[in-house]
Amino acid sequence: MSSSAAGTSSKPRAASSQPSETSSKRKRGVFQKELQHMMYGFGDDPNPLPESVALMEDIVVEYVTELVHKAQDIGSQRGKLSVEDFLYLIRKDLPKLNRCTELLSMNEELKQARKVFESDEEKLRKVFEVDETVEG
(Lines give C-alpha, C1' and ligand atoms only; values in the text may rest on other atoms or scores of the structure.)
Protein backbone atom coordinates (compact mmCIF):
# COMPACT_ATOMS: atom_id res chain seq x y z
CA MET A 1 0.00 0.00 0.00
CA SER A 2 1.30 3.41 -0.93
CA SER A 3 0.58 6.63 0.89
CA SER A 4 -1.31 7.95 -2.16
CA ALA A 5 -3.89 5.18 -1.77
CA ALA A 6 -5.27 6.96 1.27
CA GLY A 7 -7.16 9.34 -1.04
CA THR A 8 -5.23 12.55 -0.46
CA SER A 9 -5.81 13.72 -4.03
CA SER A 10 -6.72 17.38 -4.39
CA LYS A 11 -9.15 16.64 -7.21
CA PRO A 12 -12.78 15.98 -6.27
CA ARG A 13 -14.46 12.84 -7.45
CA ALA A 14 -16.67 13.88 -10.34
CA ALA A 15 -18.53 10.60 -10.60
CA SER A 16 -19.73 10.64 -6.99
CA SER A 17 -23.49 10.49 -6.64
CA GLN A 18 -23.35 12.11 -3.21
CA PRO A 19 -23.24 15.89 -2.91
CA SER A 20 -19.81 17.33 -2.24
CA GLU A 21 -18.89 18.94 1.07
CA THR A 22 -19.30 22.44 -0.29
CA SER A 23 -22.73 21.81 -1.79
CA SER A 24 -24.14 20.45 1.48
CA LYS A 25 -22.84 23.42 3.50
CA ARG A 26 -23.90 26.22 1.18
CA LYS A 27 -27.24 27.91 0.68
CA ARG A 28 -29.00 26.35 -2.29
CA GLY A 29 -31.06 28.17 -4.91
CA VAL A 30 -29.07 31.39 -4.79
CA PHE A 31 -28.48 31.41 -8.55
CA GLN A 32 -31.76 29.78 -9.54
CA LYS A 33 -33.27 32.66 -11.54
CA GLU A 34 -30.02 33.49 -13.34
CA LEU A 35 -29.43 29.86 -14.25
CA GLN A 36 -33.00 29.47 -15.52
CA HIS A 37 -32.47 32.44 -17.82
CA MET A 38 -29.10 31.12 -18.98
CA MET A 39 -30.51 27.65 -19.60
CA TYR A 40 -33.33 29.16 -21.64
CA GLY A 41 -30.81 31.26 -23.57
CA PHE A 42 -28.93 28.08 -24.44
CA GLY A 43 -32.04 26.34 -25.73
CA ASP A 44 -33.76 24.84 -22.69
CA ASP A 45 -37.41 25.26 -21.78
CA PRO A 46 -38.44 28.71 -20.46
CA ASN A 47 -39.28 27.01 -17.16
CA PRO A 48 -36.80 24.15 -16.71
CA LEU A 49 -37.31 21.47 -14.10
CA PRO A 50 -36.17 22.51 -10.62
CA GLU A 51 -33.99 19.39 -10.50
CA SER A 52 -32.20 20.49 -13.67
CA VAL A 53 -31.60 23.97 -12.28
CA ALA A 54 -30.33 22.51 -8.98
CA LEU A 55 -27.96 20.21 -10.85
CA MET A 56 -26.65 23.08 -12.97
CA GLU A 57 -26.18 25.18 -9.85
CA ASP A 58 -24.19 22.38 -8.18
CA ILE A 59 -21.99 22.05 -11.26
CA VAL A 60 -21.41 25.80 -11.58
CA VAL A 61 -20.68 26.32 -7.90
CA GLU A 62 -18.30 23.35 -7.84
CA TYR A 63 -16.49 24.65 -10.94
CA VAL A 64 -16.13 28.19 -9.61
CA THR A 65 -15.06 26.95 -6.17
CA GLU A 66 -12.42 24.70 -7.71
CA LEU A 67 -11.19 27.54 -9.94
CA VAL A 68 -10.93 29.91 -6.98
CA HIS A 69 -9.02 27.34 -4.93
CA LYS A 70 -6.56 26.81 -7.78
CA ALA A 71 -6.16 30.57 -8.19
CA GLN A 72 -5.53 30.89 -4.45
CA ASP A 73 -2.81 28.27 -4.70
CA ILE A 74 -1.16 30.22 -7.51
CA GLY A 75 -1.64 33.57 -5.75
CA SER A 76 -0.31 32.31 -2.44
CA GLN A 77 3.14 31.99 -4.03
CA ARG A 78 3.16 35.78 -4.49
CA GLY A 79 1.17 36.50 -1.36
CA LYS A 80 -1.95 37.87 -3.05
CA LEU A 81 -4.72 36.81 -5.39
CA SER A 82 -5.11 38.72 -8.65
CA VAL A 83 -7.11 38.67 -11.87
CA GLU A 84 -4.04 37.38 -13.69
CA ASP A 85 -4.20 34.19 -11.60
CA PHE A 86 -7.63 33.43 -13.07
CA LEU A 87 -6.52 34.36 -16.58
CA TYR A 88 -3.56 32.02 -16.19
CA LEU A 89 -5.87 29.16 -15.23
CA ILE A 90 -8.12 29.61 -18.27
CA ARG A 91 -5.31 30.41 -20.73
CA LYS A 92 -5.85 27.19 -22.70
CA ASP A 93 -9.61 27.74 -23.08
CA LEU A 94 -9.52 30.50 -25.70
CA PRO A 95 -13.25 31.31 -25.80
CA LYS A 96 -13.29 31.80 -22.01
CA LEU A 97 -10.04 33.74 -22.07
CA ASN A 98 -11.25 36.03 -24.85
CA ARG A 99 -14.57 36.64 -23.10
CA CYS A 100 -12.83 37.40 -19.81
CA THR A 101 -10.42 39.86 -21.39
CA GLU A 102 -13.33 41.49 -23.22
CA LEU A 103 -15.31 41.85 -19.98
CA LEU A 104 -12.28 43.18 -18.14
CA SER A 105 -11.65 45.83 -20.80
CA MET A 106 -15.34 46.81 -20.78
CA ASN A 107 -15.19 47.09 -17.00
CA GLU A 108 -12.18 49.39 -17.30
CA GLU A 109 -14.00 51.52 -19.88
CA LEU A 110 -17.02 51.79 -17.58
CA LYS A 111 -14.79 52.84 -14.68
CA GLN A 112 -13.26 55.58 -16.83
CA ALA A 113 -16.69 56.74 -18.03
CA ARG A 114 -18.00 56.89 -14.45
CA LYS A 115 -14.93 58.86 -13.41
CA VAL A 116 -15.48 61.38 -16.22
CA PHE A 117 -19.20 61.56 -15.49
CA GLU A 118 -18.62 62.17 -11.77
CA SER A 119 -16.04 64.88 -12.44
CA ASP A 120 -18.34 66.55 -15.01
CA GLU A 121 -21.24 66.34 -12.57
CA GLU A 122 -19.13 67.96 -9.86
CA LYS A 123 -18.09 70.77 -12.25
CA LEU A 124 -21.75 71.40 -13.16
CA ARG A 125 -22.72 71.45 -9.49
CA LYS A 126 -20.04 74.10 -8.83
CA VAL A 127 -21.26 76.17 -11.79
CA PHE A 128 -24.85 76.07 -10.53
CA GLU A 129 -23.71 76.97 -7.00
CA VAL A 130 -21.87 79.99 -8.40
CA ASP A 131 -24.96 81.00 -10.46
CA GLU A 132 -27.20 80.75 -7.40
CA THR A 133 -24.93 82.94 -5.30
CA VAL A 134 -24.72 85.55 -8.08
CA GLU A 135 -28.52 85.65 -8.53
CA GLY A 136 -29.29 85.63 -4.81
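Residues numbered from 1 in each chain as written. Predicted model: local features only at pLDDT ≥ 70, side-chain atom pairs only at ≥ 80, totals over all residues. Heavy atoms only, no water.

As annotated in an unreviewed UniProt entry, the chain carries the name Transcription initiation factor TFIID subunit 13 and comes from Sphenostylis stenocarpa. Here the chain is described in UniProt, under the heading Sequence similarities (unreviewed entry), as follows: "Belongs to the TAF13 family." Under Subcellular location (unreviewed entry), UniProt gives the following word-for-word description of the chain: "Nucleus". (UniProt positions renumbered as here; feature names shortened; annotations may be inferred.)

Bringing the packing of aromatic side chains into the picture now. Counted according to the given criterion, the structure contains zero aromatic pairs. Here the basic side chain of Arg 91 rests over the ring of Tyr 88, its NZ or CZ set 3.9 Å away from the ring centre. (Phe/Tyr/Trp six-rings, centres within 6.5 Å; stacked < 30°, edge-to-face > 60°. Lys NZ or Arg CZ within 6 Å of the ring centre and 35° of its normal.)

Next up on the list: the packing of helix α2 (residues 32–41) against helix α3 (residues 50–76). Packing of α2 against α3 leaves a shortest axis separation of 10 Å and a crossing angle of 100°. Taken together, the axes of α2 and α3 are roughly perpendicular relative to one another. Across from Gln 32, Leu 35, Gln 36 and Met 39 in α2, the residues of α3 making contact are Ser 52, Val 53, Met 56, Glu 57 and Val 60. Grouping the constituent residues of the contact of α2 with α3 by class yields five nonpolar, three polar and one charged. (Axes fitted to C-alpha atoms, helices over the stretch in contact; angles between N-to-C directions. Helix = DSSP H or I, 4+ residues; strand = E, 2+ residues; numbered from the N terminus. Parallel < 35°, antiparallel > 145°, perpendicular 65-115°, else oblique. Contact = heavy atoms within 4.5 Å. Nonpolar A, V, L, I, M, F, W, Y, C, P; charged D, E, K, R; others polar.)

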